[in-house]
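Architecture and fold: a report
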Amino acid sequence: MASVALTNLDPASRAAARGWSDLTIRNMFIIPTLAFLIVFNIFPLIYSLGYSFTNFAANRSEPWQFVGLQNYRELLSDDHIWSNFVITAKYVIVSVAGQMIVGFGLALLLNRSFPMKGLITTLLLLPMMMSAAVVGLFWQLLYSPSWGPINYVFGLGDFAWLSNPDSALYAVAITDIWMWSPFVMLLSLAGLSAVPQHLYEAAAIDRASWWYTFTRITLPLVSPILLIALIFRTMEAFKTFDIAYTMTTQPTAELIAIRLYKQAFQQWDTGKSCALAYIVLIMVLAITNLYVKYLNKVKER
Amino acid sequence: MRKIVTSVIAGIGLALACGTSVRAQDKELTIFWAEWDPANYLQELVNDYTAETGVKVTVQTTPWPDFQTKAFTEFNAHGDAYDLVVGDSQWLGAGSTQGHYVDLTDFFNQHKLADVMAPATIKYYAEYPGGSGKYWAIPLEGDAIGWSYRKDWFEDPKEKEAFKAKYGYDLDIPKTYAQLRDIAEFFYRPDQKRYGVAIYTDNSYDAMAMGVESAIFSYGGDLGDYATYKVDGITNSKDAAAGLDMYKQLYKFTPPGWGKTFFVEDNQAITGGLAAMSMNFFAFFPPLVNKATNPYADVTGFFANPAGPDGKRFAALGGQGISVISYSKNKDEAMKFLEWFIKDETQKKWAELGGYTCSQAVLKSEAFQSATPYNKAFYDTMFMVKDFWATPEYAEVLDQLNQNIYPFVVGGKGTAQEALDKTAADWKATFTKYNRYK
């Protein structure tokens, strides 16, 4: 009888009848999440910030010493590190631009009705579901001058994509574009499907050209979601490690994440690697903030 | 109530009995090594120890690219997951000075291992600092850079004739790097999918450095003075530059895309019928004499690293010693295992299984040298080896070398002298940072 009475109540009243207040329920969900966040994110973040001002090396037994800004000074005056940043910047620009163009282009193609659209969309999404390391190894084979199909198809002979210092970075960027364009495509499709159809109908009545419709209706309305895709992909591209690490050892393709890994886990220069991680973090935050500011402006229009 | 109490007591008794019986068989040792054939041979060998003593010994392995990272992560955490490690020779400095390895000096002296093991293996796998008389490992797997080649290509009368006509001397196993280069050039025929030579080019760990230093040493160069850390004029000497330049010349005759290659690819160069000659560590040669893994096994030969222009002949040292890890809870048991491992009959069995013993007596025996087509070349090589820096900051030093020589060899950027000048400058800065200059 009591249960029947409870089912007639709204969820909050039901919880209240069981003795749980809204606050209790909220805390039940929020406290574990907060605890998890603090233990696994915030605490290591602060701890590593502390290490970045020390000469701590995880493989040495001697106690560490506080060295102030020395790690940051050394890193920012190290030519190798700047070279890694330049390489990373080049990679981010090429890779993200490629993903935006290919991803948005695919979304425009898919934003219309045609046979087997669902199947084709699913197939196009497959690359981003694969492990990045596997994708790296897979493309290493595709690029192989001896048996890889890429050189055969494009008639490039023995051209060694990954051994050539001038092409290695672009070969990795092409792989990243292949892997992550579907992500941009997915977001763009969501944006395109949200554009009100009556705007296109009005444009059609006014006999507007395709280009005019695209630049005056489609692009402005989809641009907020494109910017979100751009933010995500820029952040991810900046952190790229696995694809590049598995594909080539060319110093011209040594991204900052690879340098960070070597510093931390091959040279065990823990303090300095923490400082480098913070420099990367600050750079990513700065770039992201620029995007977010621009995104807010676009939304206000 | 009495029933409950009886049941609880019986349960506790049973649990204790089981616990005791488990503890009685609980003696276990874990040896950590990289994933390759010698680790399998070692597992076979230690099964004998288990049969003799009842102590279970497991050889736990991890792929080569993860080996260093995984080992040092465990060391740094002072973890006791492993009791012994078969660590790379260049780890000795870090392993000893950072307290990860147990000092084996007394053990070494007590068993007079300096007289038992090959001199190079003691110098490079066991002692740190060099000449100090302090030992941190027992030489376990001897190894060095050697070469495999296609005997049928070399012995083909038409090829011999054409080679003689072009170079003016007989086509045979190269005695010098210059001859090796000529032969590589002679067999480099991309239109026939045949290439001259396969060398190490992967710069993510020590592959390329080992290949390059084999050439540098043979050309009379050195990486520096390991006692004083002097690098200026040694690392970047003219001889060293000539050796590096020769390595770059060899790279021209490798199969296409040979820019990230290590032992797997260099063996594939032979098993796939791609190259006339291929560099590799001896421990990777077993698949080349196995018909199941190499269709050209019957026509594959082996030779030791050739000499430089002045007749100097060296090879980069590979191989490892076995060390007891300081954080192990079974150190006494580990020491007993080492006592068993250094016995003559164990060393003999180790060599029979395919392991590269460092025991002088076994190495010199006719039985060992004729056991495989490459053991004689291995024996010759083990008496002309040199190693990389074993200083605690070796990883930083190795990365700097890779950063400087790779663009020259694979990317064709700059000159050998520039690459080594930059390396000397980087190393000097690094050694200064770590206060190596007193």
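Worth saying up front: this structure is predicted, and the values here are computed from it rather than measured. (Residues numbered from 1 in each chain as written. Chains lettered and ligands numbered in written order. Predicted model: local features only at pLDDT ≥ 70, side-chain atom pairs only at ≥ 80, totals over all residues. Heavy atoms only, no water.)

**Side note on the interface of chain B and chain A**
- Each side of the interface is counted separately: chain B has 34 residues, and chain A has 30 residues.
- Around 2600 Å² of area is buried between chain B and chain A when both sides are counted, 45% of it from carbon and sulfur atoms.
- It is B:Q98, B:K260 and B:Q403 in chain B that bury the most area against chain A; as a group they hold 20% of the surface buried on that side.
- The interface formed by chain B and chain A includes three salt bridges. (Contact = heavy atoms within 4.5 Å. Buried area = accessible area lost by both parts, 1.4 Å probe. Salt bridge = Lys/Arg side-chain N within 4 Å of Asp/Glu carboxyl O.)

**Regarding the sheet that holds strand 7 (residues 275-281) of chain B**
All names here are of chain B.
- Reading across from one edge, 6-7-5-8 is the order of the four strands in this open sheet, with mixed pairing throughout. Across the chains shown, the open sheet's two edge strands, defined by having one partner strand only, are strand 6 (195-198) and strand 8 (300-304). Mean inter-strand twist for the sheet, computed between neighbouring axes without regard to direction, equals 20°.
- Examined bridge by bridge, strand 5 (residues 145-150) and strand 7 share five bridges and lie antiparallel to one another. Paired with I145 across the two strands is F281, which belongs to strand 7. (Pairing = 2+ DSSP bridges. Helix = DSSP H or I, 4+ residues; strand = E, 2+ residues; numbered from the N terminus. Axes fitted to C-alpha atoms, helices over the stretch in contact; angles between N-to-C directions.)

**Description of the nonpolar core**
All names here are of chain B.
- Formed by 150 residues in total, the largest nonpolar core has its most connected members in W33, L42, W91, I138, Y200, M277 and F337.
- At nine residues, helix 19 (residues 394-409) tops the list of elements feeding residues into this core.
- Residues contacting F337, with those up to four places away along its chain left out, are L29, I31, V46, Y49, V57, L84 and I322. (Core = buried A, V, L, I, M, F, W, Y, C linked by side-chain atoms within 4.5 Å. Buried < 20%, exposed > 50% of the residue type's maximum accessible area, 1.4 Å probe, protein only.)

**What about the packing of aromatic side chains?**
Residues and elements named next belong to chain B.
- Across all of its chains, the model carries 70 aromatic pairs over all chains by this definition.
- For the pair F75 and Y101, a centre-to-centre distance of 6.0 Å together with 85° between the ring planes defines the contact as edge-to-face. Taken as a pair, F75 in helix 3 (residues 64-76) and Y101 in the loop between helix 4 (92-97) and helix 5 (105-110) lie far apart in primary sequence, 26 residues in all. There is no split in this pair, since F75 and Y101 are both buried.
- Lying across the ring of Y296, R150 places its NZ or CZ 4.0 Å from the centre.
- We note R189 situated over the ring of F186; from NZ or CZ to the ring centre the distance is 5.0 Å. (Phe/Tyr/Trp six-rings, centres within 6.5 Å; stacked < 30°, edge-to-face > 60°. Lys NZ or Arg CZ within 6 Å of the ring centre and 35° of its normal.)

**Details of the side chain of B:T121**
Residue and element names in this part refer to chain B.
- Structurally, T121 is set in helix 7 (residues 119-125).
- Exposure remark for T121: the relative accessible area of 0% places this residue in the buried category.
- Here the side chain of T121 touches A118 through a polar contact of 2.6 Å, landing on its backbone oxygen.
- In this view, T121 contacts A126, P139, C358 and M382; residues no more than four positions away in its chain are not counted. (Polar contact = N/O pair within 3.5 Å; in protein donor to acceptor, adjacent residues only side chain to side chain.)

**Here's the deal with the packing of helix 11 (residues 207-218) of chain B against helix 12 (residues 238-251) of chain B**
Residue and element names in this part refer to chain B.
- Put simply, helix 11 and helix 12 touch, their axes get as near as 7 Å, and they point 125° apart. On the basis of the axis angle, helix 11 is oblique to helix 12. Where helix 11 crosses over helix 12, the two elements pack in a sense that is right-handed. Residue-level inspection shows M208, G211, V212, A215 and I216 of helix 11 in contact with helix 12, the latter providing A240, G243, L244 and Y247. (Parallel < 35°, antiparallel > 145°, perpendicular 65-115°, else oblique. Left-handed = near helix turned anticlockwise from the far one by under 90°.)

**A short note on the environment of A:G271**
- Note that A:G271 resides in helix 14 (residues 270-300).
- For A:G271, the residues in contact, after removing those within four places along its chain, are A:Y51, A:S52, A:T54, A:F56 and A:N71.

**Here we look at the sheet that holds strand 3 (residues 84-88) of chain B**
Residue and element names in this part refer to chain B.
- Reading across the sheet, the five strands line up as 2-1-3-10-4 and stay open at both edges, with mixed pairing between neighbours. The strands lining the two open edges of the sheet, one partner per strand, are strand 2 (56-62) and strand 4 (138-141). Ignoring strand direction, the axes of neighbouring strands in this sheet form an average angle of 30°.
- Those strands touched by helix 3 are strand 1 (28-34), strand 2, strand 3 and strand 10 (320-324), and its axis lies near 135° from that of strand 1.

**Brief notes about the pattern of salt bridges**
- Under the defined criterion, the tally for this structure stands at 25 salt bridges over all chains.
- One salt bridge in this structure joins B:K349 and B:D48, with 2.6 Å as the shortest N-O distance. Taken together, the residues span a long stretch of sequence, with B:K349 in helix 15 (residues 344-353) and B:D48 in helix 2 (residues 37-53) at a distance of 301 residues.
- Overall, B:D48 belongs to the partly exposed group, its relative accessible area being 26%.
- The partner of B:K376 in a salt bridge is B:D380, with the nearest N and O atoms 2.8 Å apart. Placement of both B:K376 and B:D380 in helix 18 (residues 375-381) is noted, with a separation of four residues, approximately one turn of the helix.
- Residue B:D380 is classed as partly exposed on the basis of its relative accessible area of 31%.
- Look at the salt bridges and you will find they share partners, linking A:E254, A:R259, A:K262 and B:D399 into a network.

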